[in-house]
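Notes for the structure review
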Amino acid sequence: MSKPGFYNDNEYRAYPFIYNDANDNPAVRPHPLPDETIVDAGFIVGLDAEYDDATDRIYLAQLVSASNNLIFKFRSTSSSAFEVIFQRSGNAAEWLTEYSESGTNDSTCSQEPMLSGFLVTGKIESAVAACVAAGGVLNFPSNAYVIEPARVQNLNKSYLRSVSVGNYARTVIPPCSDEEDTTPPEEPEIIWNAQCVRGPIRFKEGYNAKITQISRSNELVFTAQKGAGAKPDDALCTNYGEIPLTEDELTTKPIIYEATDDKPEKRSKFLSGGWSCKDLIFTINGLGGSNVNLVGGKNIQIGYSDEYKAITVKMLENAQGQCGNG
Amino acid sequence: MIFDRDRIVEITQWGIGTYVFTRAATEIVSTLFIPAQEPGVRALTVDGKEFITGDVCLVGADGVVLTEQDGVIRVDVVGVPLFQRAACDAAGKKKQPQRFVSTINDCGPDEFGNFTITATDLNIANNDTTVLRVYPSDFGLFIEAAGRSNI
């Protein structure tokens, strides 16, 4: 606890602000803030504030007198704009301490304020008079009343707050189409599995994964090794070696071809889509490759109907079939 | 650290050299220490690169799947079945889906992926008398009818 004389001393010096002789110059500051108004203050800059100790500062930005109240607004010069507001009644007693905080930022995992702090005021009558004389509002530039750096605790980049876990969306085969798809590939989206996990976190080896902890050097080493970690189980076999990223993925597997009048749509049994090897014709009468020619031999004409997407095999009209020895 | 403009002049007059102070002479008062609790992990580094703090995202990619349950992050390495397509996507190139033959006249292959076309007529009891011949050759699958042609 501060000595009783500490606040008394501060009524006669710039503390908790950095001394700025321009504030004593009536030409520059016609309505200066009396030293006795604020006798102590301290601020904690949150993790999300992007506050740089080397270049940023907390400063008194505005003093507002309204309805016998005095409102102090402190701001930061960092790129994230935020503000802490303190309020005093015009007849508030000396050494009144108030704690206040700004809002949080828009990040998903943010729970802490961007800026929080306390303010201890001394005699505020002179400040109210100065504010009224200035029309009720006193605006100060960012270099006028700057809080002592020692009174600012910066938590930027100071700790690891949360861990979010997700995976890039899997690569899937689009349905076959007669029209060539010319749209450029999109950036893969992240499918979140868990967000803003806090508290103790453990890593667990899954399929083909090996995790080594080296306590001496505070290292975790993740290695892919066939057969390491969890053994293949029914869950892996059921999904043909793939791991669903969402529960919906199991019921909305990629479409192989759309439904037509003749047949219903066909969905892949794989999460990444495509055909199963067992569903495809690899050889015809033992002939394989990417293309198998059907050759019309003697008395046979082989054609193709583009309309029906069909191969036609017909015997030539002038052929004379001969049984036996030909 | 903030210096008094007048007092710092006195120090500059000490002359060049190293000056050692005792603890009693220049001990920092305790009010200037702001202890921060360090109950857990303060930062991550990957291969000794810069510290990662704040809200960290762990994202599985290229066949690594991460799942979280009750504070336990499971790491599975299952690979990417469509690795060629994934490589094309990563390179910003479009890869058209390949077309495969799965059925002919709604009939699929046997367990070995082979589709057999036979020259038989199930309507004839002794069906080895058909004139139709189907046989593979170096040029493809030949389909012909035995007999003479008037051409």
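Predicted model, so just to flag it, every value in this text is computed and none were measured. The numbering scheme is per chain: residues are counted from 1 as the chain's sequence reads. Going through the entries in the order they are written, you letter the chains from A and number the ligands from 1. Only residues with pLDDT of at least 70 get local features here, since the model is predicted, and only at 80 or more are side-chain atom pairs given and counted; chain-wide, interface and lining totals rely on the full set of residues.

All right, on to the overall build of chain A then. Within chain A one finds 3 helices and 20 strands. Here the C-alpha atoms of chain A give a radius of gyration of 38 Å, more than 25% beyond the 20 Å that 2.2 N^0.38 yields for 326 residues. In terms of overall dimensions, chain A has C-alpha extents of about 125 × 50 × 30 Å along its principal axes. A buried classification covers 26% of the 326 residues belonging to chain A. Residue pairs at least 24 apart in sequence account for 59% of intrachain contacts in chain A once pairs closer than 6 positions are excluded. For helices the rule is a DSSP run of H or I covering at least 4 residues; for strands it is a run of E covering at least 2, with both sets numbered from the N terminus onward. Atoms considered for the radius of gyration are the C-alpha atoms alone. The globule rule reads 2.2 Å times the number of residues to the power 0.38. Counts of 20 or more other C-beta atoms within 10 Å of a residue's own C-beta define buried residues, counts of 12 or fewer define exposed ones, and intermediate counts define partly exposed ones; C-beta atoms are placed from the backbone. Residues are scored as being in contact if the C-beta atoms we place from backbone atoms lie within 7 Å.

Okay, the overall build of chain B next. A tally of helices and strands in chain B yields 3 helices and 7 strands. Looking at chain B as a whole, 15% of its 151 residues qualify as buried. Within chain B, counting contacts between residues at least 6 apart in sequence, those at least 24 apart form 2% of the total.

For the rest of this paragraph, the subject is the sheet that holds strand β1 (residues 54-60) of chain B. The criterion for strand pairing is that DSSP finds at least two bridges linking the strands in question. The strand order across the open sheet built from 3 strands is β10(A)-β9(A)-β1(B), with neighbouring strands paired in mixed fashion. For this open sheet the edge positions go to β10 (190-197) of chain A together with β1 of chain B, each flanked by a neighbour on one side alone. Across the sheet, the axes of successive neighbouring strands diverge by a mean angle of 20°, strand direction being ignored. Relative to β1(B), strand β9 (residues 160-168) of chain A is paired through 7 bridges, and the arrangement is parallel. Directly across from S162(A), in β1(B), lies its bridge partner D55(B). The axes are straight lines fitted to the C-alpha atoms, using for helices just the contacting stretch, and the angles between their N-to-C directions are given from 0 to 180°.

Turning to the interface of chain A and chain B, a few remarks are in order. Each side of the interface is counted separately: chain A has 81 residues, and chain B has 69 residues. With 9 residues, β9(A) is the largest single contributor of residues to the side of chain A that touches chain B. Considered class by class, the residues forming the side of chain A that touches chain B number 44 nonpolar, 27 polar and 10 charged. Think of it as three bins: nonpolar holds Ala, Val, Leu, Ile, Met, Phe, Trp, Tyr, Cys and Pro, charged holds Asp, Glu, Lys and Arg, and polar takes everything else, Gly as well.

Start and end points for every domain follow an automatic or database-based domain assignment. Taken domain by domain, chain A consists of domain 1 (4-154), domain 2 (162-201 + 232-280) and domain 3 (286-315). The C-alpha-based centres of domain 1 of chain A and domain 3 of chain A are spaced at 88 Å.

What links the strands of a sheet is backbone hydrogen bonding, and the strands pair in either a parallel or an antiparallel sense. Residues and elements named next belong to chain A. On the basis of which strands lie adjacent, the open sheet formed by 4 strands has the order β5-β6-β1-β8 and mixed pairing. Either end of the sheet is taken by a strand with one partner, and the two such strands are β5 (96-101) and β8 (152-154). Strand after strand, the sheet turns through a mean of 10° between neighbouring axes, direction not considered. Sheet topology places strand β1 (residues 38-45) next to strand β6 (residues 115-121); 7 bridges connect them, and they run antiparallel. Its bridge partner lying in β6, D40 is registered against V120.

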